[in-house]
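Close look at the chain arrangement
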Amino acid sequence: EDMAYFIHDFEEICRTLKPTSRRVLIDIGASFSMHDKIVPIVWLLELYKKFGFTFDHIYGFELTPTNTSDFYNELLPDEFMASYHWINTAVTSEIGHKLNPLDSIVRKFNKDDFIIVKLDIDHYDTEIPLAKQLLSDESLHELVDHFYFENHVIMDEMGAWWTNTMKWVHG
């Protein structure tokens, strides 16, 4: 899976960060499975690192049961150990719930922090409400700096991979 199409403005990030800014990545759908020999979240972390950005806090939510010993010993690269928080459970789109990361984690930071949210849980009934919450709640706009989202819409070319997650999206 080639992710070179992502566009990042690292120069602008440098201009807006303050010495006290915390760098936070919230990975909703934190599978460490490979996609064509690439683990997407590791690719993203390494890309930011290449431009001098390391993360103080990385929160990984993943529903698929994962042996924590295997996760920390075999999957998570050593360099991310100090900042990684593995949360091996489903998220919810219920506003105000502690398993809604937009409410329970993002709101614990402030507008001077650099916050990235990656949303890819392959569950339409949770994914779309979370994306809509982020887009419609203006108080989140000043907190979240970057939003990565894989929207599983009906698309014949992706049917082989997305069959169980594709739905028509209406306004």
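Structural data are supplied above this passage.
A short tour of the structure in this document, coming up. Values in this document were obtained by computation on a predicted structure and should not be read as measured data.

**Brief notes about the nonpolar core**
Where a protein is soluble and globular, its nonpolar side chains tend to be buried together. Grouped together as the largest cluster of nonpolar side chains are 23 residues, with contacts concentrated most on L25, F32, I41, Y48, F55 and Y84. The set of elements that each furnish at least two residues to this core consists of helix 1 (10-16), helix 2 (40-50), strand 3 (84-87) and strand 4 (114-119). When residues in this core are grouped by element, the largest group, six residues, is from helix 2. With residues near it in sequence (within four places) discarded, F32 still touches V39, I41, V42, F71, L75, L76, P77 and Y84. Grouped together as the second largest cluster of nonpolar side chains are 19 residues, I26, Y59, F61 and L102 included.

**Observations concerning the environment of L47**
Secondary-structure assignment places L47 in helix 2. Excluding residues that lie within four positions of it along the chain, L47 makes contacts with H8 and F10.

**Some details on the pattern of salt bridges**
Considering all chains together, one arrives at nine salt bridges under this definition. Between K118 and D27 there is a salt bridge whose closest N-O contact spans 2.5 Å. Of this pair, K118 sits in strand 4 while D27 sits in strand 1 (residues 23-28), and the two are 91 residues apart along the sequence. The partner of K49 in a salt bridge is E79, with the nearest N and O atoms 2.6 Å apart. Within this pair, whereas K49 is found in helix 2, its partner E79 is found in the loop between helix 3 (68-75) and strand 3, the two being separated by 30 residues in sequence. Residue E79 is classed as partly exposed on the basis of its relative accessible area, which comes to 44%. Within this structure, E11, E12 and R15 form a network of salt bridges that share partners.

**Some details on the sheet that holds strand 2 (residues 57-61)**
Across a sheet, paired strands are connected by hydrogen bonds in the backbone, their directions being either parallel or antiparallel. If you walk across this open sheet you meet the five strands as 3-2-1-4-5, and the pairing is parallel. The open sheet has two edge strands, strand 3 and strand 5 (146-149), and neither has a second partner. Strand after strand, the sheet turns through a mean of 10 degrees between neighbouring axes, direction not considered. Relative to strand 5, strand 4 runs parallel, the two sharing four bridges. Bridged to I116 within strand 5 is H146. Along the sheet face, helix 2 touches strand 1, strand 2, strand 4 and strand 5 and points at about 165 degrees away from the line of strand 1.

**Structural notes on the packing of aromatic side chains**
All told, the structure shown has 14 aromatic pairs when counted by the stated rule. Centre to centre, the rings of F32 and Y84 are 6.0 Å apart; their planes meet at 75 degrees, and the pair counts as edge-to-face. Note that F32 is positioned in the loop between strand 1 and helix 2 and Y84 in strand 3, a separation of 52 residues in sequence. Its relative accessible area of 5% is what places Y84 among the buried residues. Members of the aromatic cluster, connected to one another through ring pairs, are F10, Y48, F51, F53, F55 and F114.

**Quick look at unusual backbone geometry**
Within the chain, D122 stands out as a residue other than glycine whose phi angle is a positive 55 degrees. On the secondary structure map, D122 appears in the loop between strand 4 and helix 5 (124-136).

**Considerations on helix 2**
Turning to helix 2, its buried residues are P40, I41, V42, L44, L45, L47 and Y48. Structurally, helix 2 contributes buried residues whose contacts are with helix 1, strand 1, strand 2, strand 4 and strand 5. Looking one or two residues past helix 2, G52 carries a phi angle of roughly 90 degrees, positive in sign.

About the cut-offs
Residues numbered from 1 in each chain as written. Predicted model: local features only at pLDDT ≥ 70, side-chain atom pairs only at ≥ 80, totals over all residues. Heavy atoms only, no water. Core = buried A, V, L, I, M, F, W, Y, C linked by side-chain atoms within 4.5 Å. Buried < 20%, exposed > 50% of the residue type's maximum accessible area, 1.4 Å probe, protein only. Helix = DSSP H or I, 4+ residues; strand = E, 2+ residues; numbered from the N terminus. Contact = heavy atoms within 4.5 Å. Salt bridge = Lys/Arg side-chain N within 4 Å of Asp/Glu carboxyl O. Pairing = 2+ DSSP bridges. Axes fitted to C-alpha atoms, helices over the stretch in contact; angles between N-to-C directions. Phe/Tyr/Trp six-rings, centres within 6.5 Å; stacked < 30°, edge-to-face > 60°.

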